[in-house]
Every structure is written in structure tokens, then in C-alpha cells.
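Observations on the model geometry
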Amino acid sequence: SGKLTIAIDGPAASGKGTLARRLAAHYGLRHLDTGLTYRGVARALIEAGQPLDDEAIAERAARALDLGALDRAVLSEHGIGEAASKVAVMPNVRRALVDKQRAFASAPPGAVLDGRDIGTVVCPDADVKLYVIASAEVRATRRWREIEAGGGSAAYTEILADIERRDARDMGRADSPLRPADDAHLLDTSEMDIETAFLAACRLVDATR
Ligand code: C5P
């Protein structure tokens, strides 16, 4: 078929989100930032005053989540990432969200999905898989600049600690840990700007068509 699926995985603040948006616009595909789905569940639980570690309650919140109603501006808030990584360790939450993510990916004309388990679990048959990495220090610096540019303020050392804690939780969990798929292309953006990373990704996508 003419459908194109691009899977992008990587740790927090690796630049995969920006890359995914650029690729989706360039190839005329829809885009889903799957991190927003875990963030959406975490935020719904926090708003309802419910615990982040009760699997039955969190699964209900995951099943009720509307992918079309995810508010990036609200969910991107720094602190929600940590809460999201807590709900993301629960298999029944993951199953509920993966069902929705697969439904999104399967509609024509294809899609770019970015997250932690897209190439390994959500879209194992994706046409192109990218695994985007950068050193923790580079990622913390990027996040810090983003926060400052948005008018906020944050301590670099706290951001770095948050990123390292989240890496450990995401790579260490039993269900769908963050790791590259066997057929993923590694893209180290530590010393690349977004334009360079985008062009490198386009070459990989074009080579498959
Ligand atoms: O990508 P983002 O930082 O928004 O993701 C928030 C958290 O959601 C991650 O730290 C991770 O625990 C979880 N997540 C996941 N699987 C995905 C996407 C995100 O477990 N596909």
C-alpha cells in the first residue's frame, strides 16, 4: 500500500518530538506524540485527586482518554513528565493506550509516531524506525533553554536529575522498556542541530521508498 509509517523513539528531550513534527509536515502524514497520552492519563488522575499507582483506576482513565482532545500546551508542563513515567510502568495502562495509538497509526495516509516503544511494540512493522539519542547534559540544556525561552525559570541541576531519573525508569521497567528496535537507525543529535537531524532522517526515509 502507499501508507507510510515512521516510528521515532528516544529518551526525554532527545529532540524526537521536533523531528517527528518536521517529518510529518514534510511527508504529509499525521503525527501523534504518544508521550502526551501518558501525560494525559497522569493529569486526569492528578486533577481527580486519584493515586498514580492504582492500576485499575489508571486503566479506566487510559480507556477514557480522547486522543483528539490532548492539549499540548497544558500537558507539556515539566512536572507532568515525571508523573507520566509513573503511570507508564503499568501494563494495563500501556495496553489501553497502545490500542489507541495503533488505531491512529493504521489510518491512511500513514503517520509519524514518537515515544519510547513505537518501533518495538506499537508499530513493529513501521517502514522506518529512528532511535534518537543525545547525552543527558545536552538534553538537560535544551530543556532548560526551552523553559527559559517560554518565560519560565528552572534549575539546570534539577532538570538534569529529572531526566536521569526518567531515563532510569523508562529503560528499567519490565513492560516495553525504552530500547532501540533491532532494525532502528540510531541518530545521535548531541552535536546536531534540528535541521541536520531532519535532513539525515529524510535520507533514511527516502531510501526506503
Ligand atoms: O515523551 P514524554 O517525555 O512526553 O513522555 C512522558 C513519559 O511517558 C515518558 O517518560 C515515559 O515514561 C512515558 N512514555 C512511554 N511510552 C511512550 C511514550 C511515553 O512509556 N510511547
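Calculation notes
- Residues numbered from 1 in each chain as written.
- Predicted model: local features only at pLDDT ≥ 70, side-chain atom pairs only at ≥ 80, totals over all residues.
- Heavy atoms only, no water.
- Helix = DSSP H or I, 4+ residues; strand = E, 2+ residues; numbered from the N terminus.
- Expected span 1.5 Å × (residues − 1).
- Buried < 20%, exposed > 50% of the residue type's maximum accessible area, 1.4 Å probe, protein only.
- Near = heavy atom within 4 Å.
- Polar contact = N/O pair within 3.5 Å; in protein donor to acceptor, adjacent residues only side chain to side chain.
- Areas by Shrake-Rupley, 256 points an atom, 1.4 Å probe, with all protein chains shown as cover.
- pLDDT = per-residue confidence, 0-100.
- Phe/Tyr/Trp six-rings, centres within 6.5 Å; stacked < 30°, edge-to-face > 60°.
- Lys NZ or Arg CZ within 6 Å of the ring centre and 35° of its normal.
- UniProt positions renumbered as here; feature names shortened; annotations may be inferred.
- Core = buried A, V, L, I, M, F, W, Y, C linked by side-chain atoms within 4.5 Å.
- Contact = heavy atoms within 4.5 Å.
- Disulfide = S-S within 2.5 Å.
- Salt bridge = Lys/Arg side-chain N within 4 Å of Asp/Glu carboxyl O.

In this section: helix H6 (residues 91-106). One turn of an α-helix holds 3.6 residues; hence residues three or four places apart share an orientation. The terminal C-alpha atoms of H6, which comprises 16 residues, lie 22 Å apart, in line with the 22 Å expected from a rise of 1.5 Å per residue. Listing the buried residues of H6 in full gives Val93, Arg94, Ala96, Leu97, Val98, Gln101, Phe104 and Ala105.

Another point: the environment of Leu130. Positionally, Leu130 belongs in strand E4 (residues 128-133). Along the primary structure Leu130 and Met192 are separated by 62 residues, whereas in three dimensions their C-alpha atoms are 15 Å apart.

Next up on the list: the site of the ligand. Taken together, 15 residues lie near the ligand, and Arg39, Arg94, Asp117, Arg166 and Asp170 sit nearest. A distance of 2.8 Å separates an oxygen atom of the ligand from a polar side-chain atom of Arg116. Arg173 is positioned with one of its side-chain polar atoms (N or O) 2.8 Å from an oxygen atom of the ligand. Relative to its unbound accessible surface of 460 Å², the ligand loses 96% to contact with the protein.

Before going further, it helps to examine the confidence of the model for the protein. Note: predicted coordinates in regions of low pLDDT should not be interpreted at a detailed level. Residues of the protein with pLDDT of at least 70 account for 100%, and the chain-wide mean is 96. Two summary scores accompany this predicted model of the complex, namely pTM at 0.96 and ipTM at 0.99.

Enumeration according to the criterion identifies 0 aromatic pairs in this entry. Sitting over the face of the ring of Phe198, Arg22 holds its NZ or CZ atom 4.1 Å from the ring centroid.

Per the UniProt annotation, the sites labelled "domain: Cytidylate kinase" (unreviewed entry) are residues 6-195. Helix makes up 54% of residues 6-195 and strand 13%. Its end C-alpha atoms lie 18 Å apart.

Attention now goes to the nonpolar core. With 32 residues, the main nonpolar core has Tyr38, Val41, Leu45, Val93, Leu97, Leu113 and Cys123 as its most contacted residues. Mapped by element, the contributors of at least two residues to this core are helix H2 (35-47), helix H3 (55-64), helix H5 (78-87), H6, strand E3 (110-115) and helix H7 (118-122). A total of 6 residues in this core trace back to one element, the largest contributor, which is H6. When near neighbours in sequence (up to four residues on either side) are disregarded, Leu113 contacts Ile6, Ala7, Ile8, Leu32, Thr34, Gln101, Phe104, Ala105, Ile118, Val122 and Cys123. Formed by 20 residues, the second largest nonpolar core is a distinct cluster that contains Leu23, Ala24, Ala200 and Cys202.

What follows deals with the state of the cysteines. Enumeration over the complete set of coordinates arrives at 0 disulfides. Of the cysteine sulfurs around Cys123, a residue in no disulfide, the closest is that of Cys202, at 19 Å. Look at Cys123 and you get buried, because its relative accessible area is 8%. Cys202 sits in the buried class, given a relative accessible area of 6%.

Before going further, it helps to examine unusual backbone geometry. Geometrically, the link from Pro108 to Pro109 is a cis peptide bond, its omega value of 5 degrees lying close to zero. Within the secondary structure, Pro109 sits in the loop between H6 and E3.

Take the pattern of salt bridges next. Within this structure, the stated rule accounts for 15 salt bridges. Ionic pairing is found between Glu47 and Arg43, a salt bridge with its closest N-O pair at 3.0 Å. Of this pair, Glu47 and Arg43 both sit in helix H2, 4 residues apart, roughly one helical turn. Residue Glu47 is classed as exposed on the basis of its relative accessible area, which comes to 60%. A salt bridge links Asp170 to Arg116; the shortest N-O distance between them is 3.1 Å. Taken together, the positions of Asp170 in helix H9 (residues 156-172) and Arg116 in the loop between E3 and H7 put the pair 54 residues apart, joining distant regions of the chain. Among the residues examined, Asp170 registers a relative accessible area of 5% and is labelled buried. Three or more residues joined by partner-sharing salt bridges are found here, namely Glu82, Asp162, Arg165, Arg166 and Arg169.

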